[in-house]
Amino acid sequence: MIRIQNLVKTYGAVRALDGLSLEVAPGSVYGFLGPNGAGKTTTMRILSGLARPDAGRAWILEREIGRSGADVRALIGVLPEEPAFYGWMTAREYLRDFAAPLQGIKGAAAAQRTNELLAIVGLAEAADRRLAGFSRGMRQRMGLAQALVHRPPVLLLDEPVSALDPAGRKEVLDLIETLRGEITILLSTHILADVERVCDQVGILAKGRLVVQGQRDELLARYAAPLIEVEAGDGFGGWLDWARRQAYVTSLTQSNHTARLLVKDVHAAQQSLLAALAEQRIPVQRFELIQPSLEDVFLRLTEKEA
Amino acid sequence: MFLTLLAKELREQWRTWKLIVFLAVFLITGLISPVLAKYTPELLGAIPNLPAGLAAMIPTPTVADAIAQYVKNTDQFGILLVLLLTMGSLAQEKERGTAAMLLTKPVRRSAVVLAKALAGMGVLLAGLLVDGLGCYAYTLVLFAALPPVAFLLLNLLIFVYLGVFLALALLASTLARNQGAAAAGAFGALIVVLVLGSLPWLSPYSPGKLVEWGVGLMQQSAFSAWPALGVALSMLALSVAAACWSLERQEI
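Residues numbered from 1 in each chain as written. Chains lettered and ligands numbered in written order. Predicted model: local features only at pLDDT ≥ 70, side-chain atom pairs only at ≥ 80, totals over all residues.

1. Some details on the interface of chain A and chain B
Tallying the contact residues gives 20 residues for chain A and 19 residues for chain B. Elements represented by at least two residues in the side of chain A that touches chain B include exactly helix 2 (70–73) and helix 3 (91–102) of chain A. Among the elements that take part in the side of chain A that touches chain B, helix 3 of chain A stands out by supplying three residues, more than any other. Per-class residue counts for the side of chain A that touches chain B are 14 nonpolar, three polar and three charged. (Contact = placed C-beta atoms within 7 Å. Helix = DSSP H or I, 4+ residues; strand = E, 2+ residues; numbered from the N terminus. Nonpolar A, V, L, I, M, F, W, Y, C, P; charged D, E, K, R; others polar.)

In structure tokens:
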């Protein structure tokens, strides 16, 4: 559905994309994660035809970007990170008289689609207000509406909920969830909770390269190392040095009265660590197995790259 | 597709008051030119203690004075308005991000440029229409009827002349990434055209000769400036074509 092969893009001395390759399966919601400057927006700009790669190729629905130009753009709906509109137009005018006709939808069909979209993104009451007066959150909703106007098979969403309040964020994420299976969505974001909620595929980008990609649950299973947190109000005595020497402990950090241990074998670690704490008569206030999150995977992989 | 882009441009001119301001300035220019020609000598003559010899030297105003005033005012205000109207057209869209929104849609980039060029030329034509009608009406009231065909041809030549600056400003706006650079480019192009036109060996080809030709037509002179018309139309077409070519290759 979306295929990227060895994309390279440089801006002066900065290599924004360094041989990026990835594939997005049809009908999936692909979470495109990465720290600032990882190359997410550059990838989006290339896919939407606003920038050209220095090397490499990309396809949407088997049509190559940059070759068939306008044909590819008819297949995508794009929501940039900061959607901008003509302030003198109203929301209704922008969708009905501009965005829809540019996608070949005119007359009554454009008016009907406009009403539908304004209701979907929660802007029906602001339909006849000038866009110049819209808040950032309203502009983002409007951006989503214009991206969906022609029912595209592929949506490119760059930080679609970053400007929204919690209620707005939930509504937009719910909307994205309803589109799952129907259209393919490439969603770039830095809000990991949103990715965990709506994305079924995840790609983590760092320094212009794809560090890892796969099904969300598969990545969690593969990369999110189990973490044990132990809190002891009177200190750990010699237990920390003992724990560090155990084969199943891959790393150990301590701050104040809390020790954090990354372990390979959760079962063995729980039994052995607890027994040693009891043996050394250390008063334990908390012993907790932390569930791994996508954030842990993200931080671990991007820190490793850095 | 193209009609949607053109409609948006024309609607934008109307809704952002640019069209109103443009037409109002042109209308005032048209109306005031014959008035200035008629009453300036009277105003000068009314200055107290004017030496008797000097008062006698002030000529009686004629239709030719009204036309000279009209051409001078339309030329000066026209160039300024055309540059101000056009120089931000694409640079502003790039700066504000609306170009990025537009160009992710299935539109040809050259269609975007052509829509802006055509809308600009349309607004210019409307401006010259009210300008010319205002001048014609007041000249008729204050002096005599102007020869309609010659006056129409004069205005068409002014239209081509101002169209050259519109196309150059559009090119500057396309090449520039922001409005400041676009303004510098547009006014730079104006200076280059005026300086080159003042060189004796280049002046027969200067677009400025078109205005001279138009004035000559009003005076039933045999003067013509076909090479200048050829150069002006070529500059206009090449500037628009270069703007299309440039936008097709730009990263937004």
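2. Observations regarding the sheet that holds strand 6 (residues 76–79) of chain A
Residues and elements named next belong to chain A. On the basis of which strands lie adjacent, the open sheet formed by six strands has the order 6-7-8-3-9-10 and mixed pairing. The sheet terminates laterally at strand 6 and strand 10 (209–215), the two strands that pair on one side only. The average angle at which neighbouring strand axes cross in this sheet is 15°, direction not considered. As paired elements, strand 7 (residues 154–158) and strand 8 (residues 184–189) share five bridges and run parallel to each other. Within strand 8, the residue paired with V154 across the bridge is T184. Relative to the sheet, helix 1 (residues 40–47) contacts strand 3 (29–33), strand 7, strand 8 and strand 9 (201–206), its axis offset from that of strand 7 by approximately 145°. (Pairing = 2+ DSSP bridges. Axes fitted to C-alpha atoms, helices over the stretch in contact; angles between N-to-C directions.)

3. Here's the deal with unusual backbone geometry
Residue and element names in this part refer to chain A. Positive phi, close to 50°, is recorded for N6, a residue that is not glycine. Topologically, N6 is positioned in strand 1 (residues 2–11). Positive phi values are uncommon outside glycine, yet K207 reaches one of about 50°. Relative to the elements of secondary structure, K207 occurs in the loop between strand 9 and strand 10.

4. Thoughts on the nonpolar core
In terms of nonpolar packing, the biggest core is built from 143 residues, with A:A145, B:V82, B:A167 and B:A169 touching the most fellow members. If one sorts the elements of this core by residue count, helix 8 (residues 148–175) of chain B sits on top with 16 residues. In terms of domain composition, this core takes at least three residues from each of domain 1 (2–222) and domain 2 (224–305) of chain A. When neighbours within four sequence positions are excluded, A:A145 is seen to be in contact with A:L95, A:L117, A:L118, A:V121 and A:L123. (Core = buried A, V, L, I, M, F, W, Y, C linked by C-beta atoms within 7 Å. Buried ≥ 20, exposed ≤ 12 C-beta atoms within 10 Å, placed from the backbone. Domains from an automatic or database assignment.)

5. Points about the domain arrangement of chain A
Interface size is often expressed as the accessible area that is lost when the parts come together. Residues and elements named next belong to chain A. The domain architecture assigned to chain A consists of domain 1 (2–222) and domain 2 (224–305). One C-alpha centre belongs to domain 1, the other to domain 2; they are set 40 Å apart. Listed as interface residues are 14 residues of domain 1 and, on the opposing side, nine residues of domain 2. Looking at the side of domain 1 that touches domain 2, the elements that each hand over two or more residues are helix 7 (192–198), strand 9, strand 10 and helix 8 (216–223).

6. A word on helix 1 of chain A
Residues and elements named next belong to chain A. With eight of eight residues buried, helix 1 is to be regarded as a mostly interior element. Every buried residue of helix 1 is listed here: K40, T41, T42, T43, M44, R45, I46 and L47. Just downstream of helix 1, G49 is the residue with a positive phi angle, here 85°.

7. Regarding the pairing of strand 13 (residues 258–263) of chain A
All names here are of chain A. The alternating pattern of strand 13 places A259, L261 and V263 on a buried face, while none of T258, R260 and L262, on the opposite face, is buried. Of the pairings in the sheet, the one linking strand 11 (residues 227–232) to strand 13 comprises five bridges and is antiparallel in character. Opposite V230, over in strand 13, you have A259 as the bridge partner. For strand 12 (residues 249–255) and strand 13, the ladder comprises six bridges, and the chain directions are antiparallel.

8. Digging into the confidence of the model for chain B
As a general rule, the predicted coordinates of low-pLDDT regions are not to be interpreted in detail. Residues and elements named next belong to chain B. Of the residues in chain B, 100% have a pLDDT of 70 or more, and the chain-wide mean is 93. The secondary structure element of chain B with the lowest average pLDDT is helix 3 (residues 52–57), at 71, and the one with the highest is helix 8, at 97. Overall fold confidence for the complex sits at a pTM of 0.86, while the interface term, ipTM, reaches 0.89. (pLDDT = per-residue confidence, 0-100.)

9. Quick notes on the confidence of the model for chain A
Here chain A averages 88 in pLDDT, and 95% of its residues register 70 or above. For chain A, the element scoring lowest by mean pLDDT is helix 11 (residues 294–305) of chain A, at 69; helix 3 of chain A scores highest, at 97.

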